[in-house]
Amino acid sequence: QFEREARFFGRDFVQTLEPRAFYVYTPFRNQSALPNYDSAENSFNFASLFLENSYIGNDRIADANLLTLGLTSRLLVPSTGAETLRLGVAQRIRFADQRVTLDGSAPPVNADRLSDLLVGASVNWTPQWSMSFTTQISPQQGDSKRSAIGARYNPTPYRVVTASYKRQQAITPTDTGSQQFDVGWQWPINDLWGDRGQARAGEGLGGRRWYSVGRLNYSAIDGKLVDSVVGLEYDGCCWIARAVLQRSTRGLTTTNTQIMFQLEFVGFSRIGNNPLSTLRSNVPRYQVLRDQVSIPSRFTNYE
């Protein structure tokens, strides 16, 4: 890793240049006679490009003879180490075709030794705003096969709004690809009539306050909501009530709808269906009411 002092737009930074090379050699072992219960192919992203196994799960170990090259540059605040800007690029070079497949069938012949080029950027110019962009470019076709752009506004604890757009190119003639819009939020409803509170450790924004929380995923190609989570929370000082509606689409026609209610006695116990795991996994940056608010560390974005 290389570092230098830099100044951009009137601000002082530490600029880094981080080259990375990752070589993997895994010999071939015939696994076609072994059952596959939970293994699947990893998504194509910056994290998976630097993994030893191209499959997730324990039922398949992919043979590999490949080299991954990456380059990252970051702008860091000297006093805190907080990351303001990140630019990254990565590509994989395969020296031999992979022979292990998920279903044990004959592997396709792949003459392309270069993987798609992955380019990404993220900006956190102020603590309240952040943006990110990622695109996957085919070196053979010269166009973007997959791209995603997102933004987040997080002015204070318990106030966050996120939005993103994801596009994936059609892979086969029968495939239509995908275009999805995603919006998530957690926000006090009391702000509508000027009743704004100050976050304090273990006390949230104060009692007698309503919160709206949710996430909506819309498919532009299908013209409908694919997944949705919408809920209300009420902080009654010594107790908290939650009501959450989750609607998920499975396949082309199957839809699952679930309604969860919970009553929490602060510091004692919770009664009812627990929606907190659903909110944590679906709503980006969701914070549980009256939890301790953690102060961001200088190593928050370290990898």
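What you see is a predicted model; the values in this text were computed from it and never measured.

What should I look at first to understand a nonpolar patch on the surface in this one?
A surface patch of nonpolar side chains, amounting to about 670 Å² of accessible area, comprises Phe8, Phe9, Val123, Trp125, Met131, Phe133 and Ile149. Examined against the element boundaries, valine 123 turns out to sit in strand β7 (residues 117-123).

Explain the side chain of asparagine 53 here, please?
Assignment of secondary structure puts asparagine 53 in the loop between β3 (40-41) and β4 (55-56). Only 3.1 Å separates the side chain of asparagine 53 from the backbone nitrogen of alanine 62, close enough to count as a polar contact. Not counting residues within four places of it along the chain, the set of residues in contact with asparagine 53 comprises Asn42, Arg60, Ile61 and Ala62.

Explanation requested: the pattern of salt bridges in the structure shown.
Note that side chains of opposite charge can pair when their charged atoms are close. What the rule picks out here adds up to 14 salt bridges. Notably, a salt bridge pairs aspartate 97 with arginine 113, separated by 2.8 Å at the nearest N-O pair. Of this pair, aspartate 97 sits in the loop between β6 (83-94) and β7 while arginine 113 sits in the loop between β6 and β7; the two residues are 16 residues apart in sequence, bridging distant segments of the chain. Taking relative accessible area as the criterion, aspartate 97 reaches 27% and is therefore assigned partly exposed. Residue lysine 145 pairs with aspartate 116 through a salt bridge whose shortest N-O separation is 3.1 Å. Remark: aspartate 116 occurs in the loop between β6 and β7 and lysine 145 occurs in strand β9 (residues 144-156); sequence separation between them is 29 residues. One network of salt bridges, with partners in common, ties together Glu18, Arg74, Glu83 and Arg86.

Here is what the cut-offs are and how they apply
Residues numbered from 1 in each chain as written. Predicted model: local features only at pLDDT ≥ 70, side-chain atom pairs only at ≥ 80, totals over all residues. Heavy atoms only, no water. Patch = residues over 30% accessible without salt bridge, like charges linked within 9 Å, V, L, I, M, F, W, Y side chains within 5 Å. Areas by Shrake-Rupley, 256 points an atom, 1.4 Å probe, with all protein chains shown as cover. Salt bridge = Lys/Arg side-chain N within 4 Å of Asp/Glu carboxyl O. Helix = DSSP H or I, 4+ residues; strand = E, 2+ residues; numbered from the N terminus. Polar contact = N/O pair within 3.5 Å; in protein donor to acceptor, adjacent residues only side chain to side chain. Contact = heavy atoms within 4.5 Å. Buried < 20%, exposed > 50% of the residue type's maximum accessible area, 1.4 Å probe, protein only.

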